[in-house]
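Residues per chain are reported as follows:
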Amino acid sequence: MRSIEKFFDLSLRYVFEPGLNWVIDHPVIAVVAVVGLVYWSVRGYRMI
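Just so you know, the residues in each chain are numbered from 1, in the order the chain's sequence is written. A pLDDT threshold of at least 70 governs which residues receive local features in this predicted model, and a stricter bar of 80 or more applies before side-chain atom pairs are shown or counted, although totals over entire chains, interfaces and linings include all residues. Where side-chain values are given, they derive from all heavy atoms of the structure, hydrogens and water being excluded.

Draft legend 1. Fine view of the overall build of the protein chain. Counting its secondary structure elements, the protein chain contains 2 helices and 0 strands. Only protein chains enter the area calculation, which uses a 1.4 Å probe; residues under 20% of their type maximum are buried, those over 50% are exposed, and those in between are partly exposed. Burial analysis of the protein chain (48 residues in total) assigns 2% to the buried set. Of the accessible surface of the protein chain, which amounts to about 4,900 Å², a share of 72% is contributed by carbon and sulfur atoms. For this count, His and the chain ends are skipped, Lys and Arg are scored as positive, and Asp and Glu as negative. The atoms used to mark charge sites are NZ of Lys, CZ of Arg, CG of Asp and CD of Glu. Between the averaged position of the 5 positive side-chain charges in the protein chain and that of its 4 negative side-chain charges there is a distance of 11 Å. Helix and strand definitions follow DSSP, with helices as H or I runs of at least four residues and strands as E runs of at least two, each counted in order from the N terminus. Residue exposure ignores everything except the shown protein chains as possible cover, and the areas themselves are Shrake-Rupley values with a 1.4 Å probe.

Draft legend 2. Local environment of a nonpolar patch on the surface. Patches draw on residues past 30% relative accessible area with no salt bridge. Two like charges within 9 Å are joined, as are two nonpolar side chains (Val, Leu, Ile, Met, Phe, Trp, Tyr) within 5 Å. In what follows, salt bridge is the name for a side-chain nitrogen of Lys or Arg lying within 4 Å of a carboxyl oxygen of Asp or Glu. The grouping of Leu12, Val15, Phe16 and Leu20 at the surface amounts to a nonpolar patch, some 410 Å² of accessible area in total. Considering the arrangement of structural elements, one finds leucine 20 in helix H1 (residues 2-25). On the basis of relative accessibility, which here comes to 53%, the residue leucine 20 falls in the exposed class.

Draft legend 3. Molecular detail of the packing of H1 against helix H2 (residues 27-42). Here an axis means a line fitted to C-alpha atoms, over the contact stretch when the element is a helix, while the angle between two N-to-C directions is reported on a 0 to 180 degree scale. In contact at an axis separation of 5 Å, H1 and H2 are set at 110° when each is read in the N-to-C sense. Relative to H2, the element H1 is oriented roughly perpendicular. Here Trp22, Val23, Ile24 and Asp25 of H1 come into contact with H2, specifically with Pro27, Ile29 and Ala30. Residues are sorted three ways: Asp, Glu, Lys and Arg are charged, Ala, Val, Leu, Ile, Met, Phe, Trp, Tyr, Cys and Pro are nonpolar, and all the rest, Gly among them, are polar. Split by residue class, the contact of H1 with H2 holds 6 nonpolar, no polar and 1 charged. In these notes the angle categories are as follows: under 35 degrees is roughly parallel, over 145 is roughly antiparallel, 65 to 115 is roughly perpendicular, and the rest is oblique. Contacts: residue pairs with any heavy atoms within 4.5 Å of one another.

Set out below in structure tokens:
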């Protein structure tokens, strides 16, 4: 059980920290990507 927690901790550290650094380096592209993901996820719903 302890090794699973350590695995998740390490994987989150190595996956998300470079991603956060990339977002900080490319804020405009990151905003466009987030807006695109939100639009793609809600396009199937009828928005008010």
